[in-house]
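Descriptive analysis of the structure
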Amino acid sequence: MKKFINDPFNLVDEMLDGFLAVHKKKIRKLEDVRSIARTDAPVAGKVGIVSGGGSGHKPAFIGFCGEGMLDAVAVGEIFTSPPPLACYEAVKAANGGKGVLILLGNYAGDVMNFQMSADLSAADGIEVEQVILTDDVASAPKGQENRRRGVSGAFLCWKVAGAKAAAGGSLAECKEVVERVNANTRTIGVALSPCTVPAKGSPTFVLADDEMEYGVGHHGEPGTERIKMMSLDDTVQKMMNEILVDLPFTKGDNVAVVINGLGSTPQIELYAAFRKVKSILDTEKINIENAYVGEFFTGLEMAGFSITLSKLDPEIKSLLDAPASTPCYTC
Amino acid sequence: MKKFINDPFNLVDEMLDGFLAVHKKKIRKLEDVRSIARTDAPVAGKVGIVSGGGSGHKPAFIGFCGEGMLDAVAVGEIFTSPPPLACYEAVKAANGGKGVLILLGNYAGDVMNFQMSADLSAADGIEVEQVILTDDVASAPKGQENRRRGVSGAFLCWKVAGAKAAAGGSLAECKEVVERVNANTRTIGVALSPCTVPAKGSPTFVLADDEMEYGVGHHGEPGTERIKMMSLDDTVQKMMNEILVDLPFTKGDNVAVVINGLGSTPQIELYAAFRKVKSILDTEKINIENAYVGEFFTGLEMAGFSITLSKLDPEIKSLLDAPASTPCYTC
Amino acid sequence: MSESISNKQMYHIVETICDTIEEQQQYLSDLDGELGDGDHGVNMAKCFREVRKKVEPVADKDCGTILKTVGMYVMNSVGGAMGALYGTMFLKLAAECTGKTEVTLDDLARMFTAAENGIRTIGKAQVGDKTLLDTVAPAVASLQKSAAEHKSLTEALAAFEMAAKNGMESTRDLIAKMGRASRLGERTIGHLDAGATSCYFILRSFAHGVEK
Amino acid sequence: MSESISNKQMYHIVETICDTIEEQQQYLSDLDGELGDGDHGVNMAKCFREVRKKVEPVADKDCGTILKTVGMYVMNSVGGAMGALYGTMFLKLAAECTGKTEVTLDDLARMFTAAENGIRTIGKAQVGDKTLLDTVAPAVASLQKSAAEHKSLTEALAAFEMAAKNGMESTRDLIAKMGRASRLGERTIGHLDAGATSCYFILRSFAHGVEK
Ligand SMILES: Nc1ncnc2c1ncn2[C@@H]1O[C@H](COP(=O)(O)OP(=O)(O)O)[C@@H](O)[C@H]1O
Ligand SMILES: Nc1ncnc2c1ncn2[C@@H]1O[C@H](COP(=O)(O)OP(=O)(O)O)[C@@H](O)[C@H]1O
Ligand SMILES: [Mg+2]
Ligand SMILES: [Mg+2]
Ligand SMILES: [Mg+2]
Ligand SMILES: [Mg+2]
């Protein structure tokens, strides 16, 4: 393992020290727990939006804490969900008196720890709702959507939830709009090489020189198939075939596209992938309204990318376009 | 070589197709040449700021084309400077009648091709000035600063030049302020693993499992030393020792810091590196006014990072803080 | 062996847990590597290294305090499914012996019943889902049976350990229904579940720690 | 061999350049890999593969048109130091034989003198800096001398090739002062310069192409 680290067990704390120093205008650390909040949280009279999860997904989650997106984020160890107290304090910090919406990926640890924080918060009289995100088509078959992992589609959900809350939406409205986004979002990922969790020191998987892990998760979870290397266009075509039929996306749909680098795939390849996605959607007469290319939800230094399609309606489109100002995303 | 590509010789064009489709609100392609400009270029009565160089440095250069930064960018093959015609058309597209400032790295190809474009532009009656950026301390000894490579310090130069031009600065003023930034900026890089130029197919260098390339260039140029792996803190200390004495930066200075990932180093490590930079600067009583952590000027999927320090004065500080809206940087 | 566990023995039990997890770190990570993300040993070892330090200052306190100290740390510092599940387990164990410097077999049966319920509530797993519940549930059932039959503490703990072990072993032939491993479906057959295994080491430490 | 180069021969020369670069691609990249970024062969091969297509439609035109077609493509499509330097070289060669269907030794000497000057102006290198100028300069000097001495075209081209070869070989013992390699200082001794080598192949093609 070659990494720029000191003691691996201090890495998340050291990262957070640096992150807080760089972004002190936008975010602050909560006391006693490893959670952050936008500097002005709680915003009185606004629904609080909270997320969190393991670290190592740069820029997720903390990079999206700020105006128009997440009010507070609980920060776990690398690829490990944060403990209930961190989640609970994040909820309290986000609570502006209008309730708090927790958005989380569908990982056992996140589900348990956020559930406990929700119980603690409810006992405090804070109105709390949760939406568990499930956009990864590779992680469970159609019909079992609620078993699927939440992956890079989360970026869209955070954006929409934050914008809806900023626009004065009620807790129920914020929850409903995120559920709508989640229900209309599909993602699939592919990897060329693994990542290494510093505390563990060995790669999460091993691939031959001519192999790809198809359907990989962003912690390096095994995908649905180990396939031979293909050209970029063939790879994208295979991924799109799977996503398009799953929802399904059909002629005339308006969509947002996210091409998300998983860590070490150069942007040049991501934009080239977008080009192929666009040409497929053009053929299908599906209209791209919003496009995001870059790193949103990575798996340390994994080489790979994911494609997310999300069917839009006018409200969701306008919420995506609403202003946001966070450390890693501004619009 | 494992990459998401089709024909390597089409990669830059395919990338650009994707890039233009995603960022069509901010940038457009020029006709007949591989160059881009902000959609509203030329901005009448404003000095035009132009840069360009080889591709593969995501988000540099094209990611910083837009309001408040670069007006036009000439796009080369991977790690290869763009031809004179592309540079020339970029200059013409940026020319709002108040002259054009070209900023370039100190690479033989860039110097030659931009010089030819400057000659062609001058023949057209366009007032053109050039500043060759030279922030990499590892690439030539002190006293021979003009032989040094231009690396991630360029990000600060583009920002400042763009802001000065937007504020109504004359060509001479824009040139002067960039020269001031360049003269006060120092960078050093280190790599853990190489990158592979797709058309070539083999890594730019080979390192043993316990080695780092110290002083590496962002095309994978050999550094000044091949050293044994060290802890992050020791690595940063060594880099800072070299940068600090070179200018020198001294007690009471106000600085901007850029921690630039070279491609596949996770943000978590970059922020941890920033933490150590900050602790060293705190000890030296050097005050960080602006801090930038992320990818600004990469070398494909190289694992590594660079540290840039730039001594600020009030004007430069305010130009850094001025608004910008580009595909990959907004403030 | 006496018919109850003293607070001193409870402290030994915790030390035994810490020692065992440390010893088994690599083994647990390897198991998790087969089906999960391979960090189970590292996570557990890091956690229980810290538990050892946290518990030392309360070594002389009552059993409830000792176990609550473990549970609070595990629950609030570690994170992950393990933090929630083992945190809940130790906090539930603690809650049932608050203030006690001696814990009888009846107490122990009540404590573990509460722990199992806590794990079921938070984890929502069933027996057979290839999780640590497959270790916990038969061990707790055995303890309840021993208590009902007024077995000796020694006999009860031996049966408890054996039931836990069989429970752990049972996961080898199961298909994972929970956690990361559940995405692998049939591919999980033939591998022990990492959580079920670490849980066995913890439960075994109750038997072994008392012997010290 | 006649005492001038016909436009037909000039076309053969260009074809020979294209063939040679294609053959030597790996060798050139390997040389560049020792001191530079290892792409010289790939860049040159990609370039001259396209040159071949661009020149075909003007195969019957005058020498100036043929060489200008090469120069325009190299200058405006390839990029890099090579695009600027070789682009300049071919455009300067072309400018000195505009409209000519026959090129004499005197013409050739004038053409290459212009090319050398162009390369010096744009590249700002000196002889001895370990660049392609170390190939060009002695070859051009030899051509000038042959012309002054009214040597036969055959003799002149043989001497031209030999001078280019020696020039290329001279780079082995030099320290690079230009381009990427210059950052390596003394470490560059013992390696041929990639640009000097590709330049030798180009100049040699003038001799070999005429023979065809
Ligand atoms: N819902 C659940 N109920 C009980 N145990 C569970 C549940 N989900 C996961 N586990 C246990 O968690 C173990 C994995 O723990 P660990 O590797 O530390 O966490 P992670 O999967 O987050 O890396 C599994 O082996 C399984 O025994
Ligand atoms: N200033 C210069 N004048 C003449 N030749 C130069 C100059 N700079 C570089 N070269 C030549 O360029 C060659 C490298 O070409 P190439 O590898 O294609 O470009 P790059 O260095 O951009 O990858 C060197 O071998 C050298 O001969
Ligand atoms: Mg884990
Ligand atoms: Mg090159
Ligand atoms: Mg695990
Ligand atoms: Mg080269």
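Bear in mind the structure is a predicted one, so any value in this text is a computation, not a measurement. (Residues numbered from 1 in each chain as written. Chains lettered and ligands numbered in written order. Predicted model: local features only at pLDDT ≥ 70, side-chain atom pairs only at ≥ 80, totals over all residues. Heavy atoms only, no water.)

**Some points on the pairing of strand 8 (residues 211-214) of chain A**
Residues and elements named next belong to chain A. For clarity, the cut-off: Partly exposed describes any residue whose relative accessible area lies between the buried limit of under 20% and the exposed limit of over 50%, with all areas from a 1.4 Å probe on protein chains only and scaled to the type maximum. Numbering of helices and strands runs from the N terminus, with a helix taken as a DSSP run of H or I at least four residues long and a strand as a DSSP run of E at least two residues long. Strands were regarded as paired on the criterion that DSSP finds at least two bridges between them.
Judged by which residues are buried, strand 8 turns out to be covered on both faces: Glu 211 and Glu 213 on one side and Met 212 and Tyr 214 on the other are all buried. Relative to strand 8, strand 7 (residues 185-193) is paired through 2 bridges, and the arrangement is antiparallel. Bridging across to strand 8, Val 190 finds its partner in Tyr 214. Here strand 8 runs beside strand 9 (residues 225-228); their pairing, made up of 4 bridges, is antiparallel.

**Digging into the site of ligand 1**
Just so we agree on the cut-off: We call a residue near a molecule or strand whenever a single non-hydrogen atom of that residue lies within 4 Å of it. Under this definition, polar contacts are N or O atom pairs within 3.5 Å; protein pairs additionally need one hydrogen-donor-capable and one acceptor-capable atom, and for neighbouring residues in sequence, both atoms have to be side-chain atoms.
Close to ligand 1 lie 20 residues; C:Asp37, C:His40, C:Gly123, C:Asp193 and C:Gly195 are nearest. Close to ligand 1, residues of chains A and C are found. One nitrogen or oxygen atom from the side chain of C:Asp39 is found 2.9 Å from an oxygen atom belonging to ligand 1. C:His40 places a side-chain nitrogen or oxygen 2.8 Å from an oxygen atom of ligand 1.

**Structural notes on the UniProt feature "domain: DhaK" (unreviewed entry) in chain A**
Under the convention used in this document: UniProt positions are given in the numbering used here, feature names are shortened, and annotations may be inferred rather than shown by experiment.
When the UniProt feature table is mapped onto this chain, "domain: DhaK" (unreviewed entry) is found at residues 7-329 of chain A. Between the C-alpha atoms that bound residues 7-329 of chain A the distance is 30 Å, and the span itself is 33% helix and 24% strand.

**Thoughts on the site of ligand 2**
Among the 20 residues in the neighbourhood of ligand 2, the closest are listed as D:Asp37, D:His40, D:Gly123, D:Asp193 and D:Gly195. The environment of ligand 2 is shared, with nearby residues belonging to chains B and D. Measuring from an oxygen atom of ligand 2, one finds a side-chain N or O atom of D:Asp32 at 3.1 Å. Residue D:Asp193 places a side-chain N or O atom 2.5 Å away from an oxygen atom belonging to ligand 2.

**A look at the pairing of strand 4 (residues 72-78) of chain A**
Residues and elements named next belong to chain A. In terms of residue burial, strand 4 counts as a mostly covered element, since 7 of its 7 residues are buried. As paired strands, strand 2 (residues 35-38) and strand 4 are joined by 3 bridges and run antiparallel to one another. For Ile 36, the partnering residue across the bridge sits in strand 4 and is Val 73. Sheet analysis places strand 3 (residues 48-55) next to strand 4, joined by 5 bridges and oriented parallel. Note on strand 4: the bridge partner recorded for Ser 51 is Val 73.

**Considerations on the relation of the copies chain B and chain A**
Using the following cut-off: Fitting of the copies onto one another was done by least squares over C-alpha atoms, counting residues only where both copies have pLDDT of at least 70. Contacts are residue-level and defined by heavy atoms, with any inter-residue pair within 4.5 Å sufficient.
Between chain B and chain A, which share one sequence, the superposing operator has a rotation angle of 180 degrees and an axial displacement of 0.0 Å; the RMSD is 0.0 Å. Taken together, the rotation and translation relating the two chain copies correspond to the operation of a two-fold axis. Within chain B, the C-alpha atom positioned nearest to the axis of rotation is that of B:Ser264, 2.1 Å from it. Most of the interface of chain B is mirrored in chain A, where 100% of its interface residues are also at the interface.

**A word on the domain arrangement of chain A**
Interface extent is often summarised as the accessible area lost during association of the parts. All names here are of chain A. So the rule is basically this: For the domain bounds, the source is a domain assignment made automatically or taken from a database. Buried area counts how much accessible surface, traced with a 1.4 Å probe, disappears from two parts once they are put together, with both parts' losses summed. Here, a salt bridge means any Lys or Arg side-chain nitrogen found within 4 Å of an Asp or Glu carboxyl oxygen. Throughout, the ten residues Ala, Val, Leu, Ile, Met, Phe, Trp, Tyr, Cys and Pro are labelled nonpolar, Asp, Glu, Lys and Arg are labelled charged, and all others, Gly among them, are labelled polar.
Here the domain parsing of chain A yields domain 1 (9-183) and domain 2 (185-319). For domain 1 and domain 2, the distance between their C-alpha centroids amounts to 23 Å. Listed as interface residues are 37 residues of domain 1 and, on the opposing side, 37 residues of domain 2. A buried area of about 3,200 Å², summed over both sides, lies between domain 1 and domain 2, and 61% of it is on carbon and sulfur atoms. Among the residues domain 1 hides against domain 2, the three largest losses belong to Phe 79, Val 137 and Ser 152. Together they make up 18% of the total. At the junction of domain 1 with domain 2, the criterion picks out 5 salt bridges. As a salt-bridge pair, Glu 315 and Lys 164 come within 2.6 Å of each other at their nearest N and O atoms. Counting across the interface, domain 1 meets domain 2 through 21 residue pairs in polar contact (both at pLDDT 80 or more). Mapped by element, the contributors of at least two residues to the side of domain 1 that touches domain 2 are helix 4 (154-166) and helix 5 (171-183). With 8 residues, helix 4 is the single largest residue contributor to the side of domain 1 that touches domain 2. Its residues placed into classes, the side of domain 1 that touches domain 2 shows 21 nonpolar, 6 polar and 10 charged.

**Topic: the interface of chain B and chain A**
On the chain A side, the residues contacting the 53 residues of chain B number 53 residues. Between chain B and chain A, a total of about 4,400 Å² is buried, with carbon and sulfur atoms accounting for 68% of that surface. When the buried area of chain B at its contact with chain A is split by residue, B:Lys2, B:Phe4 and B:Ile268 rank highest and sum to 22% of it. Inspection of the region where chain B meets chain A yields 4 salt bridges. In this structure, A:Lys3 engages B:Glu269 in a salt bridge whose closest nitrogen and oxygen atoms are separated by 3.8 Å. In this structure, the connection of chain B to chain A is made through 16 residue pairs in polar contact (both at pLDDT 80 or more). Elements represented by at least two residues in the side of chain B that touches chain A include exactly helix 1 (11-22), strand 7 (185-193), strand 8 (211-214), helix 6 (232-246), helix 7 (267-283), strand 11 (287-294) and strand 12 (303-311) of chain B. Of all the elements, helix 1 of chain B adds the most residues to the side of chain B that touches chain A, at 9 residues.

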